[in-house]
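Remarks on the overall topology
Spelled out from the first residue to the last, the chains are:
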Amino acid sequence: AAEAVARLSDLWSRRAPDRIFAHFELPTQALRQFAETHRNGPSAYPDPYERISFWDAHLAELKDLEDDWLPIAYLSEFDQGIYAGALGAPIYYMAHTDVGWISSMAPPILHDLADIDRLRIDENAEAIRRMDTQCHIFAENARGKFGIAPFIVIDAMNFVAEVRGMTQAFEDVLEHPDAVIRLMDFAL
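Presented here is an overview of the structure given in this document.

Reading guide: rules and limits
- Residues numbered from 1 in each chain as written.
- Predicted model: local features only at pLDDT ≥ 70, side-chain atom pairs only at ≥ 80, totals over all residues.
- Heavy atoms only, no water.
- Phe/Tyr/Trp six-rings, centres within 6.5 Å; stacked < 30°, edge-to-face > 60°.
- Helix = DSSP H or I, 4+ residues; strand = E, 2+ residues; numbered from the N terminus.
- Buried < 20%, exposed > 50% of the residue type's maximum accessible area, 1.4 Å probe, protein only.
- Contact = heavy atoms within 4.5 Å.
- Pairing = 2+ DSSP bridges.
- Axes fitted to C-alpha atoms, helices over the stretch in contact; angles between N-to-C directions.
- Arc of directions from axis to C-beta.
- Left-handed = near helix turned anticlockwise from the far one by under 90°.
- Nonpolar A, V, L, I, M, F, W, Y, C, P; charged D, E, K, R; others polar.
- Expected span 1.5 Å × (residues − 1).
- Core = buried A, V, L, I, M, F, W, Y, C linked by side-chain atoms within 4.5 Å.
- 1 Å grid on protein atoms, 1.4 Å probe; cavity = no way out; pocket = protein on both sides within 12 Å on 5 of 7 lines; lining within 4 Å.
- Points joined across faces, edges and corners; volume = space filled by probe spheres on them.

**Description of the packing of aromatic side chains**
- The final tally for this structure, using the stated rule, is seven aromatic pairs.
- Between Phe-34 and Phe-54, the aromatic rings sit 5.4 Å apart at their centres with planes inclined by 50°, giving tilted as the arrangement. With Phe-34 in helix H2 (residues 29–37) and Phe-54 in helix H3 (residues 48–61), this residue pair connects regions lying 20 residues apart in the sequence. Both residues of the pair, Phe-34 and Phe-54, count as buried.
- With 4.7 Å between their ring centres and 55° between their planes, Tyr-74 and Trp-101 make a pair best called tilted.

In structure tokens:
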């Protein structure tokens, strides 16, 4: 791990212009089993214990792979959808059998820019409670074996698109740039 971190540090800090880095994503039995037990498309929120078992098995199969990466479980259940979910939007889940993910998404929640000041993060929202529970389960069960990436960062235009919808977000840039900046500030 220390060697991989040193290599990745060189890569990310642009100190290795003369080196090639590699990350291999190989099929595993865990991925095959996931594909056999899930369908691509709409899904229910998964059991967190099922998810940690998947990641544990998948990453264990890759432990001897000597590439320039670290074993990390990505909690895809808390990608884009978590942000709108924290604001009260319903979250929908999608299974992606090729990578073993169950991602989240939410419909646009801010229909009127006049309501920007009403946006509030609900720390008791179902999405937040699920994320908190799953992070604790993963931290406990991954300890000493692999890292966890609990969620992605959505700010700037990604957040505007999440709460307004993609088409409306781009229209807002042209028609309401001050409101877009306020939404970006809220996201930050």
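After that view of the structure, there is still more to cover.
**Here's the deal with the side chain of His-38**
- Examined against the element boundaries, His-38 turns out to sit in the loop between H2 and strand E1 (41–43).
- If sequence neighbours within four positions are ignored, His-38 has contacts with Glu-50, Ala-95, Thr-97 and Ile-102.

**Looking at the sheet that holds strand E3 (residues 92–96)**
- Read across the open sheet, the three strands follow the order E1-E3-E4; overall the sheet is antiparallel. Edge strands, defined here as strands with exactly one partner in the open sheet, are E1 and strand E4 (101–105). Along the sheet, successive strands turn relative to each other by an average axial angle of 45°, direction set aside.
- Relative to E4, E3 runs antiparallel, the two being bridged by five bridges. Counted as the bridge partner of Ala-95 is Ile-102 from E4.

**Remarks on helix H1 (residues 2–12)**
- Burial in H1 covers these residues: Ala-4, Leu-8 and Asp-10. In an axial view of H1, the angular spread of the buried residues amounts to 155°, which keeps them on one side of the axis.
- Following H1 by one or two positions, Arg-14 has its phi on the positive side, about 60°.

**Notes on the packing of H3 against helix H5 (residues 126–142)**
- Closest axis-to-axis distance for the H3/H5 pair is 10 Å, and the angle between their directions is 35°. In this structure, H3 meets H5 at a crossing whose hand is right-handed. The residues of H5 that touch H3, namely those facing Pro-48, Tyr-49, Arg-51, Ile-52 and Trp-55, are Gln-134, Ile-137, Phe-138, Asn-141 and Ala-142.
- Tallied by class, the residues present in the contact of H3 with H5 amount to seven nonpolar, two polar and one charged.

**Details of H5**
- Here H5 contains 17 residues, and its C-alpha end-to-end distance of 24 Å stays within 8% of the 24 Å for a straight helix at 1.5 Å per residue.
- Those residues of H5 that sit buried are Ala-127, Ile-128, Met-131, Gln-134, Cys-135, Ile-137, Phe-138 and Ala-142.
- Phi turns positive, to about 85°, at Gly-144, one or two residues after H5.

**Some thoughts on the nonpolar core**
- The biggest cluster of nonpolar side chains holds 41 residues, and the ones touching the most others in it are Trp-55, Ile-82, Leu-110, Phe-146, Phe-159 and Leu-183.
- Broken down by secondary-structure element, the contributors of at least two residues to this core are H2, H3, helix H4 (81–86), E3, H5, helix H6 (156–164) and helix H8 (177–187).
- Broken down by element, this core gets its largest block of residues, seven residues, from H5.
- Residues in contact with Trp-55, not counting those within four places in the same chain, are Ala-60, Ile-72, Ala-73, Tyr-74, Trp-101, Phe-138 and Phe-146.

**A closer look at the layout of surface pockets**
- Size it by volume and the largest pocket reaches roughly 850 Å³.
- As for the largest pocket, its lining consists of 30 residues, and the residues nearest its centre are His-23, Leu-59, Trp-69, Leu-70 and Pro-71.
- Of all the elements in the fold, those that place two or more residues in the lining of the largest pocket are H1, H3 and strand E2 (72–74).
- Among the elements that make up the lining of the largest pocket, the one with the highest residue count is H3 (five residues).
- Of the residues contributing to the lining of the largest pocket, the split by class is 19 nonpolar, two polar and nine charged.
- Ile-82, Tyr-83, Ala-86, Ile-121 and Ala-187 are, among the 13 residues lining the second largest pocket, the residues nearest its centre.
- Only H4, H5 and H8 provide two or more residues apiece to the lining of the second largest pocket.
- Ranked by residue count, the leading element in the lining of the second largest pocket is H4, at three residues.
- Classifying every residue of the lining of the second largest pocket by side-chain character gives 13 nonpolar, no polar and no charged.

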